[in-house]
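Inside the fold
Here are the chains, one letter per residue:
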Amino acid sequence: MKKHIPNLITLLNVFCGSIAAVFAVLNQLELAAVFVFLGIIFDFFDGFAARILDVKSELGLQLDSLADMITSGLVPGIVMFQLLAMSMSGGWNIDFSPEMSGAHVWRAFSGSLLPFTGFLITMASAYRLAKFNIDENQTSSFIGLPTPANALLILSLPLILLNQNSDFLNELILNQWFLIGVTILSAFLLNANIELFALKFKNWGFQDNALRYIFIIISLALLITMKFLAIPIIIAFYILSSMLSNLSK
């Protein structure tokens, strides 16, 4: 019975990702972000449960990547599609509602193919996950930005729009060139040959996990003080601290 527990947790990730995809299509991006976050929590605990119960399997590995493809691959692509479509609809002062979503999608189909470039994120995520499944070296670290971290980066954009109350940030985020730049950067980081540390604790000692503890403490401080704006800063800090750590080896 216990061998099925991690897979059940992974399927909850699939469930959350599917709900998030529906909300993203309906332009309910805040709710989409909530379910992506829940899916990422399940994604963390399925691996944790597999290690604790010592029931890791090839099926679990494949299922985990399929779940990530929905929650952390498809949904960020839809969200970027929506943001690019909204950027073509007159700026940031837009109602995030299903009714407005239909107008944005129609504009995307009838006026430009630009919003579809958002799915470069989905394509890059699929490629990254496929590489991960056949790479036996990514056990204690990652090569390229993990898809859950990338999903948080993309989903932070509508959360900043809805919660930070900054005209400058709103206009920046819904600038077409900024969104295209973020899309290209996201696709690059997912598959970049950069070694990034994993938040996997083999023990709780500080000496063996100093970088992880420091990263978590600083991340929590940033989230408390800067709210959703902290997310892209945390992602940048994660990449930079990993690169600095690699230089010191």
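Residues numbered from 1 in each chain as written. Predicted model: local features only at pLDDT ≥ 70, side-chain atom pairs only at ≥ 80, totals over all residues. Heavy atoms only, no water.

1. Observations concerning the overall build of the chain
When you go through the chain residue by residue, the secondary structure sums to 10 helices and two strands. When the helices and strands of the chain are placed in sequence order, the string is α-α-α-α-α-β-α-α-α-β-α-α. Counting every position in the chain, which comprises 249 residues, the buried fraction comes to 46%. Counted over contacts in the chain with a minimum sequence separation of 6, partners at least 24 positions apart contribute 76%. When the accessible area of the chain is evaluated, it comes to approximately 12900 Å², of which 71% is carbon and sulfur surface. (Helix = DSSP H or I, 4+ residues; strand = E, 2+ residues; numbered from the N terminus. Buried < 20%, exposed > 50% of the residue type's maximum accessible area, 1.4 Å probe, protein only. Contact = heavy atoms within 4.5 Å. Areas by Shrake-Rupley, 256 points an atom, 1.4 Å probe, with all protein chains shown as cover.)

2. A word on the packing of aromatic side chains
Applying the stated criterion to the full structure yields nine aromatic pairs. Judged by centre distance (5.8 Å) and plane angle (25 degrees), the ring pair of F23 and F35 falls under stacked. Of this pair, F23 sits in helix α1 (residues 5-25) while F35 sits in helix α2 (residues 29-53); the two residues are 12 residues apart in sequence, bridging distant segments of the chain. Of the residues examined, F23 reaches a relative accessible area of 21% and is grouped as partly exposed. For the pair F197 and F215, a centre-to-centre distance of 5.5 Å together with 80 degrees between the ring planes defines the contact as edge-to-face. Residue F197 is located in strand β2 (residues 195-197), and its partner F215 is located in helix α9 (residues 210-226); the two are separated by 18 residues in the primary sequence. An identical accessibility class is assigned to F197 and F215; each is buried. Linked through ring pairs, F197, F215, F237 and Y238 together constitute an aromatic cluster. (Phe/Tyr/Trp six-rings, centres within 6.5 Å; stacked < 30°, edge-to-face > 60°.)

3. So, the environment of I231
Relative to the elements of secondary structure, I231 occurs in helix α10 (residues 230-247). Here the alpha-carbon distance between I231 and A149, two residues 82 residues apart in the chain, equals 9.3 Å. In this view, I231 contacts L152, L153, S156 and L223; residues no more than four positions away in its chain are not counted.

4. Structural notes on the packing of α1 against α2
The geometry of α1 relative to α2 is characterised by a closest axis approach of 8 Å and an angle of 170 degrees between their N-to-C directions. In terms of axis orientation, α1 runs roughly antiparallel to α2. Here the residues of the contact of α1 with α2 are counted per class, giving 21 nonpolar, three polar and two charged. (Axes fitted to C-alpha atoms, helices over the stretch in contact; angles between N-to-C directions. Parallel < 35°, antiparallel > 145°, perpendicular 65-115°, else oblique. Nonpolar A, V, L, I, M, F, W, Y, C, P; charged D, E, K, R; others polar.)

5. Description of the environment of K131
By the secondary structure assignment, K131 is in helix α5 (residues 120-134). It is 9.6 Å that separates the C-alpha atoms of K131 and I143, two residues lying 12 residues apart in sequence.

6. Considering the nonpolar core
The biggest cluster of nonpolar side chains holds 32 residues, and the ones touching the most others in it are V79, M80 and L83. Listing elements by their share of this core, those giving two or more residues are α1, α2, α3 (58-87), α6 (147-163), α7 (167-173) and α8 (176-191). Every residue in contact with L83, bar those within four places of it in the chain, is listed here: L29, L157, P158, L161, L174 and L179. Judged by nonpolar contacts, the second largest core, of 18 residues, contains F132, L189, A198 and I234. (Core = buried A, V, L, I, M, F, W, Y, C linked by side-chain atoms within 4.5 Å.)

7. A word on the layout of surface pockets
Within this model, the second largest pocket holds a volume of roughly 250 Å³. Considering the residues around the second largest pocket, the lining is formed by 15 residues, among which L153, L157, F178, V182 and P232 are closest to the centre. Elements supplying a minimum of two residues to the lining of the second largest pocket: α6, α7, α8 and α10. In terms of residue class, the lining of the second largest pocket is made up of 15 nonpolar, no polar and no charged. (1 Å grid on protein atoms, 1.4 Å probe; cavity = no way out; pocket = protein on both sides within 12 Å on 5 of 7 lines; lining within 4 Å. Points joined across faces, edges and corners; volume = space filled by probe spheres on them.)

8. What to know about the confidence of the model for the chain
With 87% of its residues at a pLDDT of 70 or more, the chain has an overall mean of 87. Confidence scores differ between elements of the chain, with helix α4 (residues 98-111) showing the lowest mean pLDDT of 56 and α8 the highest of 97. (pLDDT = per-residue confidence, 0-100.)

9. Here we look at a nonpolar patch on the surface
A cluster of nonpolar residues, V34, F37, L38, I41, F44, F45, F48 and I52, forms a patch on the protein surface that exposes about 720 Å² of accessible area. Tracing the backbone through its elements, the reader meets L38 in helix α2. By relative accessible area, which is 33% here, L38 ends up partly exposed. (Patch = residues over 30% accessible without salt bridge, like charges linked within 9 Å, V, L, I, M, F, W, Y side chains within 5 Å. Salt bridge = Lys/Arg side-chain N within 4 Å of Asp/Glu carboxyl O.)

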